[in-house]
Amino acid sequence: MVLTVEHLSKTFGDVEAVRDVSLAVDEGEFVSIVGPSGCGKSTLMEIVGGLIEPTAGRIDVSGMPGIVFQQESAFPWRTVVENVAFGLEMTGVGKAERLTRARDMIELVGLGGFEDRYPTELSGGMRQRVAIARTLVMEPKIILMDEPFGALDEQTRLILGEELSRIREATNATVLFITHSFDEALLLSDRIVVMTARPGTIKQVVVNPLPRPRDSTIVSDPEFGRLSGELWELLREESMRALAGERGR
Amino acid sequence: MSEARRVRATRWGLVLAFLALIEIIPRLGLVNPIALVPLSEMVWQLWLLLKDGTLADHILRTLTSIVAAGALAVVTGLPLGVALWRLETTRRILQPYLTTYYAIPIFAFYPLFIAIFGLGSMPVIIIAWAWAVVAIVLQTVIGLDAVPPVLVKVGRSLRLSSWRMFTRIYFPAATPHIFTGFKLAASYTVIGVIASEFIQAEKGVGFFVGFSYNNFAIQNMYAAILLILVFAVALNSGLLALERKLYGRQG
Ligand SMILES: Nc1ncnc2c1ncn2[C@@H]1O[C@H](COP(=O)(O)OP(=O)(O)OP(=O)(O)O)[C@@H](O)[C@H]1O
Ligand SMILES: [Mg+2]
């Protein structure tokens with residue numbers, strides 16, 4: 001197992017964000033987490049990434065996880081290539097090598113030709129790819145991605161998802177992927193973890209039976225539609241509860 | 001003509017119209033000739049004063065004071081700002097003083113500084129520094145506070161040391177704000193130096209303005225004012241250009 005989470009809970013003051021979550025992820029696996037807004041997905045991810053201390057429970061991660069955050073995180077004062085090389089620079093990789101590796105990764109995420117641009121000179125989706133490249137170039141054993149395509153339209157996110165699939169196949173990385181999109185989850189994952197409304201617990205883990213490799217044309221497959229419906233069935237009630245809970249506050 | 005170009009053209013037009021008025025009004029005898037001299041005479045007088053070296057000493061003194069006070073404001077303001085940002089409690093205590101700081105007419109304390117340091121560059125530099133430094137302190141705190149938490153998380157996810165967190169994330173993220181502090185401080189330094197020289201000093205361009213005024217040397221006075229204006233505008237434009245060059249592409 002690359003990642004083991006046991007009985008994890010997190011409370012912020014009087015807000016119970018995550019309750020008793022247990023999860024094991026195998027090497028090379030792609031696991032998605034879906035759940036209503038505010039159910040503790042980002043919190044769970046930041047605990048796994050070592051950025052937040054859990055209130056209770058245990059985590060075991062091999063190596064330093066690479067994280068792609070929900071918010072835009074490209075450094076505005078660095079060019080694309082300087083952004084992507086940042087982690088390598090901080091871990092003491094020599095200049096020539098880190099530039100070569102950064103350039104290769106930029107090519108891989110489809111940003112070739114934009115190496116010397118600043119993030120403000122790119123589109124939102126391109127900026128997100130800078131953040132993804134900055135994480136991937138470190139070759140982390142496990143990658144945590146928090147709605148990396150959240151701000152994008154459905155078409156763009158499916159195309160980027162395809163790219164991500166390709167990159168992952170090439171690097172055999174393990175991915176924990178948070179998303180709101182069932183299409184994205186079904187396109188990318190081996191397993192899909194459905195969470196309840198806050199306090200977030202695991203409602204059900206759905207194993208994705210769709211054969212690999214997949215590309216975005218799979219969305220028109222009838223089996224895809226059936227699975228999507230199943231996920232929605234699971235999540236509908238939780239999303240309504242989450243909304244009711246927010247109104248009640 | 002595009003909207004932006006029309007705006008720019010109008011802006012320059014206003015400047016030219018203003019300059020033309022300064023030229024024409026005294027020539028038409030609309031004001032007392034000892035109150036205002038035509039622009040061309042100011043320029044000519046300034047040229048004469050520069051050529052015969054009358055202003056050299058004053059300019060040197062003023063520039064030295066400005067550079068000294070400005071440099072002092074930067075080297076003290078930055079660390080003070082960083083310290084204040086780090087020290088939560090100290091900051092909460094000082095908050096109301098800092099925010100009302102610019103409501104204090106600090107020039108009222110100038111005689112005190114003269115009494116302490118004597119009538120030389122020192123009290124001038126102290127006043128200008130005191131007037132400028134707080135802008136840098138405040139902008140530094142504001143800039144460091146405004147660093148998006150997600151950028152900090154990126155650093156922490158790479159397990160950066162606190163030194164690197166500061167030099168590689170907080171500081172570069174805050175520099176656009178800090179540069180604004182520098183720009184303000186530059187203006188405040190110039191104002192601080194010129195104004196205190198004007199109030200009381202033995203040398204300096206500000207002193208020269210006051211001295212000329214008291215001795216009815218109205219042309220000299222306007223020549224020196226013109227010099228100050230040109231200098232202030234040039235300094236500001238220079239800093240704006242530098243800002244655009246440094247941060248223009250960072251948005
Ligand atoms: N630092 C914090 N301090 C206090 N409360 C927090 C903190 N971080 C998160 N919370 C609370 O914990 C709950 C879960 O937040 P979290 O960001 O993990 O949700 P999420 O599932 O990622 O939501 P979304 O899908 O909208 O991104 C929310 O109620 C939030 O208000
Ligand atoms: Mg979230």
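Residues numbered from 1 in each chain as written. Chains lettered and ligands numbered in written order. Predicted model: local features only at pLDDT ≥ 70, side-chain atom pairs only at ≥ 80, totals over all residues. Heavy atoms only, no water.

1. A short note on the overall build of chain A
A tally of helices and strands in chain A yields eight helices and nine strands. Its C-alpha atoms give chain A a radius of gyration of 18 Å, within 12% of the compact-globule value 18 Å for 249 residues. Principal axes of the C-alpha set define a box for chain A whose edges measure 50 × 45 × 35 Å. Expressed as a percentage of contacts within chain A between residues at least 6 apart in sequence, the contacts between residues at least 24 apart total 69%. Summed over all atoms, the accessible surface of chain A reaches about 10600 Å², with 50% contributed by carbon and sulfur. Seen as two clouds, the 27 positive and the 38 negative side-chain charges of chain A have centres 3 Å apart. (Helix = DSSP H or I, 4+ residues; strand = E, 2+ residues; numbered from the N terminus. Rg over C-alpha atoms; globule rule 2.2 N^0.38 Å. Contact = heavy atoms within 4.5 Å. Areas by Shrake-Rupley, 256 points an atom, 1.4 Å probe, with all protein chains shown as cover. Lys, Arg positive; Asp, Glu negative; His and termini not counted. Charge placed at Lys NZ, Arg CZ, Asp CG, Glu CD.)

2. Points about the UniProt feature "domain: ABC transmembrane type-1" (unreviewed entry) in chain B
Taking the UniProt record as the reference, the feature "domain: ABC transmembrane type-1" (unreviewed entry) is found at residues 59-239 of chain B. In the segment residues 59-239 of chain B, helix accounts for 85% and strand for 0%; the C-alpha atoms at its two ends are 20 Å apart. (UniProt positions renumbered as here; feature names shortened; annotations may be inferred.)

3. Focus on the interface of chain B and chain A
Chain B puts 17 residues into the contact, and the matching count from chain A is 26 residues. When chain B packs against chain A, the two sides together hide about 2000 Å² of surface, and 63% of this comes from carbon and sulfur. The tally of links between chain B and chain A comes to three salt bridges. The partner of Arg168 of chain B in a salt bridge is Glu89 of chain A, and the shortest N-O contact between them spans 3.1 Å. Those elements that place two or more of their residues in the side of chain B that touches chain A are helix H7 (149-157) and helix H8 (162-199) of chain B. Here the side of chain B that touches chain A takes six residues from H7 of chain B, the largest share from any one element. (Buried area = accessible area lost by both parts, 1.4 Å probe. Salt bridge = Lys/Arg side-chain N within 4 Å of Asp/Glu carboxyl O.)

4. Topic: the UniProt feature "transmembrane region" (unreviewed entry) in chain B
All names here are of chain B. The UniProt entry lists residues 12-39, 59-85, 97-120, 126-148, 169-195 and 221-242 under the feature "transmembrane region" (unreviewed entry), expressed in the numbering used here. Between the C-alpha atoms that bound residues 12-39 the distance is 17 Å, and the span itself is 61% helix and 0% strand. Secondary structure content for residues 126-148 is 87% helix and 0% strand, and the end C-alpha separation is 36 Å.

5. Considering the packing of helix H5 (residues 110-117) of chain B against helix H6 (residues 121-145) of chain B
All names here are of chain B. With their axes 8 Å apart at the nearest point, H5 and H6 run at an angle of 140° to one another. With respect to their mutual orientation, H5 and H6 come out oblique. In this structure, H5 crosses over H6, and the sense of that crossing is right-handed. Where H5 abuts H6, its residues Tyr110, Phe113, Ile114 and Phe117 lie against Met122, Pro123, Val124, Ile126 and Ile127. (Axes fitted to C-alpha atoms, helices over the stretch in contact; angles between N-to-C directions. Parallel < 35°, antiparallel > 145°, perpendicular 65-115°, else oblique. Left-handed = near helix turned anticlockwise from the far one by under 90°.)

6. Structural notes on the coordination of the magnesium ion (ligand 2)
Six octahedral donors around a metal ideally sit at 90 or 180 degrees from one another, while four tetrahedral donors ideally sit at 109.5 degrees. Protein coordination of the magnesium ion (ligand 2) is provided by Ser42 of chain A (OG) and Gln70 of chain A (OE1), with donor distances spanning 1.9 to 2.3 Å. Linking Ser42 of chain A in helix H1 (residues 41-48) with Gln70 of chain A in the loop between strand S5 (66-68) and helix H2 (80-84), this pair joins segments that are 28 residues apart in sequence. (Donors = N, O, S within 2.8 Å, 3.2 Å for Na, K, Ca; no water.)

7. Re the packing of H8 of chain B against helix H9 (residues 205-214) of chain B
All names here are of chain B. One can describe the packing of H8 onto H9 by two numbers: an axis separation of 7 Å at closest approach and a directional angle of 40°. Between H8 and H9, the angle falls in the class oblique. The two elements H8 and H9 meet at a crossing, and its hand is right-handed. Facing Ile194, Glu197 and Phe198 of H8, the residues of H9 in contact are Val205, Gly206, Phe207, Val209 and Gly210.

8. Some words on the packing of aromatic side chains
Following the criterion strictly, the structure yields 17 aromatic pairs over all chains and no others. Counting every residue linked through ring pairs, the aromatic cluster contains Tyr101, Tyr102, Phe107, Trp131 and Tyr188 of chain B. Lying over the aromatic face of Phe75 of chain A, Arg134 of chain A brings its terminal NZ or CZ to 4.7 Å of the ring centre. (Phe/Tyr/Trp six-rings, centres within 6.5 Å; stacked < 30°, edge-to-face > 60°. Lys NZ or Arg CZ within 6 Å of the ring centre and 35° of its normal.)

9. Some details on the confidence of the model for chain B
Looking at chain B as a whole, the pLDDT averages 93, with 99% of positions reaching at least 70. ipTM for the predicted complex: 0.90, alongside a pTM of 0.88. (pLDDT = per-residue confidence, 0-100.)

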